[in-house]
Each structure stands twice: as structure tokens, then as C-alpha cells.
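A closer look at the structure
Residue-level listing of the chains:
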Amino acid sequence: MPRELLERAYYFLCLTRMVEDRAAVLYRQGKIHGGNFSSRGQEAISVGTALALEPQDKVAPMIRNLGAVLVRGHSPREVFASYLARDTSPNGGKDNSTHFGDIEKTGVVACISMLGTLVPVMAGMALAAKLQGRKLVTLTYIGDGATSTGEFHEGLNFAAVFEVPFVLVIENNQYAYSTPIEKQTRVRPLAKKAEAYAIPWAIGDGNDVQEVYRLTKRFVEEARRGGGPRILEFQTMRMRGHAQHDDFKYVPGELLAEWEKKDPLLRCEQALGLSEKEKQAVAARVEREVAEAEKDALDRPHPDGRDAVKGVFADDSITQFQKWWDE
Ligand SMILES: Cc1ncc(C[n+]2csc(CCOP(=O)(O)OP(=O)(O)O)c2C)c(N)n1
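Let me begin by describing the structure that accompanies this report. What you are looking at is a predicted structure, and each value in this text was computed from that prediction instead of being measured. (Residues numbered from 1 in each chain as written. Predicted model: local features only at pLDDT ≥ 70, side-chain atom pairs only at ≥ 80, totals over all residues. Heavy atoms only, no water.)

Further remarks concern the overall build of the protein. Scanning the protein from N- to C-terminus turns up 11 helices and 7 strands. Computed over the C-alpha atoms, the radius of gyration of the protein is 20 Å, within 12% of the 20 Å expected from 2.2 N^0.38 for a compact globule of 327 residues. Based on the C-alpha atoms only, the size of the protein along its principal axes is roughly 60 × 50 × 40 Å. A separation threshold of at least 6 residues defines the contact pool for the protein, and within that pool the share at least 24 residues apart is 72%. When the accessible area of the protein is evaluated, it comes to approximately 15,000 Å², of which 53% is carbon and sulfur surface. Placing the 43 positive and 46 negative side-chain charges of the protein at their respective mean positions leaves the two points 2 Å apart. (Helix = DSSP H or I, 4+ residues; strand = E, 2+ residues; numbered from the N terminus. Rg over C-alpha atoms; globule rule 2.2 N^0.38 Å. Contact = heavy atoms within 4.5 Å. Areas by Shrake-Rupley, 256 points an atom, 1.4 Å probe, with all protein chains shown as cover. Lys, Arg positive; Asp, Glu negative; His and termini not counted. Charge placed at Lys NZ, Arg CZ, Asp CG, Glu CD.)

Following the criterion strictly, the structure yields 3 aromatic pairs and no others. With a centroid separation of 5.0 Å and an interplanar angle of 70°, the aromatic rings of tyrosine 11 and phenylalanine 12 are classed as edge-to-face. For the pair shown, tyrosine 11 and phenylalanine 12 are each scored as buried. (Phe/Tyr/Trp six-rings, centres within 6.5 Å; stacked < 30°, edge-to-face > 60°. Buried < 20%, exposed > 50% of the residue type's maximum accessible area, 1.4 Å probe, protein only.)

The next point concerns the sheet that holds strand β3 (residues 166–172). The 5 strands lie next to each other as β1-β2-β3-β7-β6, forming an open sheet whose pairing is parallel. Looking at which strands have only one partner, the edges of the open sheet turn out to be β1 (58–60) and β6 (201–205). Geometrically, the sheet is characterised by an average inter-axis angle of 20° between neighbouring strands, direction not taken into account. Here strand β2 (residues 138–143) pairs with β3 via 6 bridges, running parallel. Looking at the pairing, leucine 139 lines up with valine 167 of β3. Sheet strands in contact with helix α2 (residues 43–51) are β2, β3 and β7 (230–235), and its direction is about 165° off that of β2. Of the strands in this sheet, β2, β3 and β7 touch helix α6 (residues 150–161), which is tilted by about 150° from β3. (Pairing = 2+ DSSP bridges. Axes fitted to C-alpha atoms, helices over the stretch in contact; angles between N-to-C directions.)

Quick look at the site of the ligand now. The environment of the ligand is made up of 13 residues, and the closest members are Arg64, Gly145, Ala146, Asn173 and Tyr175. Within the side chain of arginine 64, a nitrogen or oxygen atom sits 2.8 Å from an oxygen atom of the ligand. Between the ligand and tyrosine 175 there is a distance of 2.9 Å, counted from an oxygen atom to a backbone nitrogen or oxygen. Contact with the protein chains hides 68% of the accessible area of the ligand, taken as 590 Å² for the molecule alone. A per-class count over the shell around the ligand returns 6 nonpolar, 5 polar and 2 charged. (Near = heavy atom within 4 Å. Polar contact = N/O pair within 3.5 Å; in protein donor to acceptor, adjacent residues only side chain to side chain. Nonpolar A, V, L, I, M, F, W, Y, C, P; charged D, E, K, R; others polar.)

Looking at soluble globular proteins, one finds that nonpolar side chains tend to be buried together. Core analysis: the biggest nonpolar cluster contains 56 residues, and Leu15, Val47, Phe80, Leu139, Val167 and Val209 have the highest contact counts within it. In terms of residue count, helix α1 (residues 3–28) provides more of this core than any other element does, 12 residues in total. (Core = buried A, V, L, I, M, F, W, Y, C linked by side-chain atoms within 4.5 Å.)

So, about the pattern of salt bridges. Throughout the structure, instances matching the rule amount to 23 salt bridges. Among the salt bridges present, the one from arginine 17 reaches glutamate 43, with a minimum N-O distance of 2.8 Å. Placement of the pair is arginine 17 in helix α1 and glutamate 43 in helix α2, with a sequence separation of 26 residues. Just as arginine 17 is buried, glutamate 43 falls in that class too. The salt bridge involving glutamate 222 is made with arginine 218; its shortest N-O contact spans 3.6 Å. (Salt bridge = Lys/Arg side-chain N within 4 Å of Asp/Glu carboxyl O.)

Okay, unusual backbone geometry next. Here the amide bond leading from arginine 188 into proline 189 is cis, since omega sits at -20°, within 30 degrees of zero. Of note, proline 189 is situated in the loop between β5 (179–180) and β6. The backbone of alanine 85 sits at a positive phi, close to 55°, despite the residue not being glycine. The residue alanine 85 is located in the loop between α4 (76–83) and α5 (118–132) in this model. For phenylalanine 248, which is not glycine, the phi torsion reads 40° and is therefore positive. Tracing the backbone through its elements, the reader meets phenylalanine 248 in the loop between β7 and α8 (253–260). For phenylalanine 248, a relative accessible area of 18% gives the class buried.

Following this line, the structure appears as C-alpha cells:
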């Protein structure tokens, strides 16, 4: 990666980690309800892949892809407003996680919780783009566990048959909730599943942002030139529980210690050769931005209950609901 881009990657790696660390604190303070997820240890996959896309491309994040959401231009303000369900939340406070996007402005297609579903959705979007003659590529992510779902296979078969410009990124973080990969599938590497559909694949080090960027860029450009879909598998480790409620005691401590040494932020710092002073300067900038965003969200009220069905049902249902609410 050119130095300037690598510096940008480092900034987004730090920003992702700090936003998630602060969200975890807010969750523990009882200010965030529902789920609160962390991509700690795998931030380089979200950041490296998103940086390899062009502005017209579309990306659909899952719960461990905050880095991609931030790189594409959503602000920490929006993230905190969403987590804290404030009136400024992009989803109107309906979901207190990162299930939001803006297909036109940032090219982010909102996360769908049902595992595997984004594969056919993004393959379909790629087909639409192809039919319209638009040179855009779609990309989404999937965990090791979700490569066992039916939609993963159906979506890939569809993408291969119609030769659509779609890239699927498998994040092999070793565990799906408490299920280790050995109990999930016999196929190694996971990306080899692509061969069932004659899709080219590659594997890479998910904790090295430069490798993630390089491989993604290559596959995205091949897909853009009409080569059809591509699958990338990145090896990494989930360094936290499935969500905040999960103490992940089922993960051996030695395994975590081994991966801690391969921390993607550390690797990026080493690649850039940053001095202590330079690291502190980035940390101070990120800290300030995150603190401002958090305060901004906490200062906002929750949304008006009247708007609960806005964006969910057709307009006349909204009017009926609001009439009922007012009565
Ligand atoms: C179809 C479907 N089945 C089950 C779930 C519940 N669920 C949510 S996350 C998860 C584990 C996912 O593991 P993996 O795909 O490896 O991704 P990771 O959480 O490790 O990033 C499960 C079982 C779901 N959301 N959708």
C-alpha cells in the first residue's frame, strides 16, 4: 500500500477499535440495550477490504464490519446514535446496533442478521448492475459458521451461473458463537467451497491490512472486468465473545495469547515504523473524535414513539398508527 493509504488504514483501525471499546463501556453501564458486538482482532479485514473498493461499489457489512462502515463514510456520531437509539440514529432508533446504511451516499447496504442472506442479496445487486451496464462491484462478508448455511451455497451458485461482479469475503475467526470450526465443517480452507461452483478463490492473512487490501483489490478489479464472482478467505481470530454477554471461556487462553501477538493494529504500526510520539498523535485524534461523537449522541433524546413504524410499513399504515398513538 502507498504510505498515505497505509496511514489512512491505521487511522481507521484505531477508530474502529476505540468506537467499539467505548460502546462496550456504554453497554456495561446499561446505556446500550440488546446486542453489542466487537470486531477486535479482525479490524484489518473490514478496513482493508473497504479501502480496496471504488466509490460506486456497494458493500454489505455484518456485525463485525464496523471498520467498513466507517471507511465508507458513516461517522462515529451515527454509530453511537444507533447503538444508543437516539433520534439522530440513521435507523430512527429501531435497531441499537450497526444495522444501517445508505445505498446511494456511502454504498453501504444495511446488515441483515440472518446469516448467509446477504450472499444472494449482493449477488442479485451485482446482477442488476451488470444488466444496467454499471461498472460496479458488490462485496459482503461471511463468518466461518455461516458458510454452513443454505443461502451461502444458493447465492454462490447463482453468482457463478450469471457471472456477476460479486466478491465474498470469508472471515475465518475460528468460532461461531461457541462452536469451533472443527465442529462446523470438514472443508479446509473454507474458501475451497468455491470450487463446487467453479468460482476462483484465494486465502490470506486477515491480520495484515496490506495483504487484505492487495488481495481484495485484485479480486474486485477482476470481477469489475467481467470475470465473475470471487471468494477470499482471511484467517483471523475473534478476540472477544460473540457479544458482550458472552465471556468466551470456551476459547483456550493459549489460542488467544497466540493471536494477541498478531494484533492487526500492532502489525500496521510496525509496517509504518511509527514512533511512540506518532502513535500517540493518532490515538489523541481518535480519542477526541470518539468522545465528541459519544457526547453528541448521549445529549440527544430517544426518538418520538410516533415514528416507530416509519420506514417499516406503507405510508397509510403509518398514519393509522400515529392516529392510534395520539389517541
Ligand atoms: C440463519 C441464522 N442462523 C442462526 C443465527 C444466530 N446467529 C447469529 S451470529 C451466529 C454465529 C455466527 O458465526 P460466524 O458465521 O462464524 O460469524 P462470527 O460471529 O464468528 O463473526 C449465529 C448462530 C442467525 N443470525 N441466522
